[in-house]
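The chain contents come next:
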Amino acid sequence: MARLAIESCFHSISVSTQSGFNDFSKTSSEALSGRKHQRASLVRVRLIVSKVLLVLCLGGILVTIVNDQLILLSVYDVCSSAALGLKTLTSLLTALLLVFIWIFTYIQMKLFMNLRSIDDIKTAFHINRHRLVLLILETVVCAIHPLPVCMDYGEPPDAVSPFNRPEPLSLSQNLTDRIEAVTPTSPVPALSTADALLSILMFLRLYHIGRFLVLHSRLFRTMLSYSLGALAHTKYNFVFIFKSYMAQYKGYLLATIALTFTSIAAWCIYICDRDITRYQDAVWVVGITFFTVGKLRQFRD
């Protein structure tokens with residue numbers, strides 16, 4: 001009898017242990033499956049948000065360039081309602097950009113929590129403090145834009161100075177007449193120093209292009225790449241993606257970088273140097289300054 005009682009006791013213990021282990025395995029598999037589906041949905045949302053960020057970034061820069069160009073061509077004055085309207089549009093695009101930057105950071109932290117099975121976002125920010133620092137830095141950089149206020153350059157003390165701005169031309173004149181009116185012998189329109197500086201600093205937003213390329217790269221999106229990267233202790237960041245693109249498309253990538261650098265540098269010179277009245281001249285100055293041994297003094301002489 002005692003033997004039968006002991007055997008039945010051990011049997012009940014083994015049965016209860018096996019059922020508990022099965023319940024634990026079932027719960028763990030369900031939790032793992034739930035985290036997997038959550039991560040997949042977060043990755044899809046992150047790709048959409050990155051596209052929106054790129055559109056808002058390029059849209060704000062394009063609106064600012066158009067506004068500055070029309071002011072330099074004397075289509076309207078720097079304090080006109082059209083200029084203030086385009087600046088207001090730039091401010092709206094900037095506000096939306098900042099909102100989506102915070103959304104993108106929240107998605108990144110949710111992925112970080114999903115990967116490490118963390119439930120509290122405060123704990124995740126405490127562990128991943130550099131993400132908070134990057135969020136503050138991104139907010140400061142992307143908030144820079146020309147403010148929708150009248151920042152007139154002001155008239156120089158000398159009334160006959162060649163730097164006086166001309167009067168805005170009437171809207172009845174066509175664009176060709178407006179462009180021909182701005183010649184080296186005529187007064188040169190000028191942006192305010194603050195507007196020119198803020199317009200140039202808006203190009204710092206172009207780092208969103210690198211983020212877009214990384215998130216939409218096939219090396220970053222496939223699970224095989226993740227597995228190989230984990231085995232080789234490789235981080236799939238912008239530097240790694242850039243090196244892979246350089247290995248595949250050397251000429252195309254170098255030409256794109258050179259053209260982008262030339263265009264941005266020429267635009268910066270064009271809106272800052274009032275001795276240069278045409279964008280083509282600014283491009284030529286950049287070419288002889290950065291790509292040859294030419295001198296800017298020879299161009300001005």
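A quick note: this is a predicted structure, and the numbers were derived from the prediction, not measured.

Now for the packing of aromatic side chains. This model, assessed by the stated rule, comprises 3 aromatic pairs. Consider the rings of Trp-267 and Tyr-270, whose centres lie 5.7 Å apart with planes at 45°: the pair is tilted. With a gap of 3 residues between them, Trp-267 and Tyr-270 both fall in helix 11 (residues 250–272), about one helical turn apart. Relative accessible area serves as the criterion here: at 6%, Trp-267 is assigned to the buried category. Exposure remark for Tyr-270: the relative accessible area of 6% places this residue in the buried category. On the numbers, 6.1 Å between centres and 85° between planes, the contact of Tyr-270 with Tyr-279 is edge-to-face. The class for Tyr-279 is partly exposed, based on a relative accessible area of 28%. Through pairs of rings, three or more aromatic residues link up here, namely Trp-267, Tyr-270 and Tyr-279.

Attention now moves to helix 4 (residues 129–142). Relative to the 20 Å expected for 14 residues at 1.5 Å per residue, helix 4 spans 20 Å between its end C-alpha atoms, a close match to the ideal helical length. Where helix 4 is concerned, the buried positions are Arg-131, Leu-135, Glu-138, Val-141 and Cys-142. Projected down its long axis, helix 4 carries its buried residues within an arc of 135°, all on one side. Seen from the buried face of helix 4, the exposed residues on the opposite side, beyond 90 degrees, are Arg-129, Val-133, Ile-136 and Leu-137. Buried-residue contacts for helix 4 involve helix 2 (81–116), helix 3 (121–127) and helix 7 (207–215).

Structurally, Ser-91 can be placed in helix 2. On the basis of relative accessibility, which here comes to 18%, the residue Ser-91 falls in the buried class. Along the sequence, Ser-91 and Pro-148 sit 57 residues apart, while their C-alpha atoms lie 7.4 Å from each other. If near-sequence neighbours (up to four positions away) are discounted, Ser-91 is found in contact with His-145, Pro-146 and Pro-148.

Here we come to the packing of helix 10 (residues 238–248) against helix 11. At their nearest, the axes of helix 10 and helix 11 sit 5 Å apart, and the two run at 120° to each other. Facing Phe-242, Tyr-245, Met-246, Ala-247 and Gln-248 of helix 10, the residues of helix 11 in contact are Lys-250, Leu-253, Leu-254 and Ile-257. Its residues assigned to classes, the contact of helix 10 with helix 11 comprises 7 nonpolar, 1 polar and 1 charged.

Another point: the state of the cysteines. In this structure the tally under the stated criterion is 1 disulfide. Looking at the unpaired Cys-57, the closest cysteine sulfur is the one in Cys-142, lying at 6.9 Å. Here Cys-57 falls in the buried class, since its relative accessible area comes to 0%.

With that settled, the discussion passes to the nonpolar core. If you look at the biggest cluster of nonpolar residues, it comprises 22 residues, and the most contacted ones within it are Ile-71, Tyr-270 and Ile-271. Contributions of two or more residues to this core are made by helix 1 (2–72), helix 11 and helix 12 (279–290). Contacts of Ile-271, omitting those with residues within four sequence positions, involve Leu-72, Leu-191, Ala-196, Ser-199 and Ile-200. If you look at the next biggest cluster of nonpolar residues, it comprises 16 residues, including Val-63, Ile-107, Leu-111 and Leu-215.

Criteria and cut-off values
Residues numbered from 1 in each chain as written. Predicted model: local features only at pLDDT ≥ 70, side-chain atom pairs only at ≥ 80, totals over all residues. Heavy atoms only, no water. Phe/Tyr/Trp six-rings, centres within 6.5 Å; stacked < 30°, edge-to-face > 60°. Helix = DSSP H or I, 4+ residues; strand = E, 2+ residues; numbered from the N terminus. Buried < 20%, exposed > 50% of the residue type's maximum accessible area, 1.4 Å probe, protein only. Expected span 1.5 Å × (residues − 1). Arc of directions from axis to C-beta. Contact = heavy atoms within 4.5 Å. Axes fitted to C-alpha atoms, helices over the stretch in contact; angles between N-to-C directions. Nonpolar A, V, L, I, M, F, W, Y, C, P; charged D, E, K, R; others polar. Disulfide = S-S within 2.5 Å. Core = buried A, V, L, I, M, F, W, Y, C linked by side-chain atoms within 4.5 Å.

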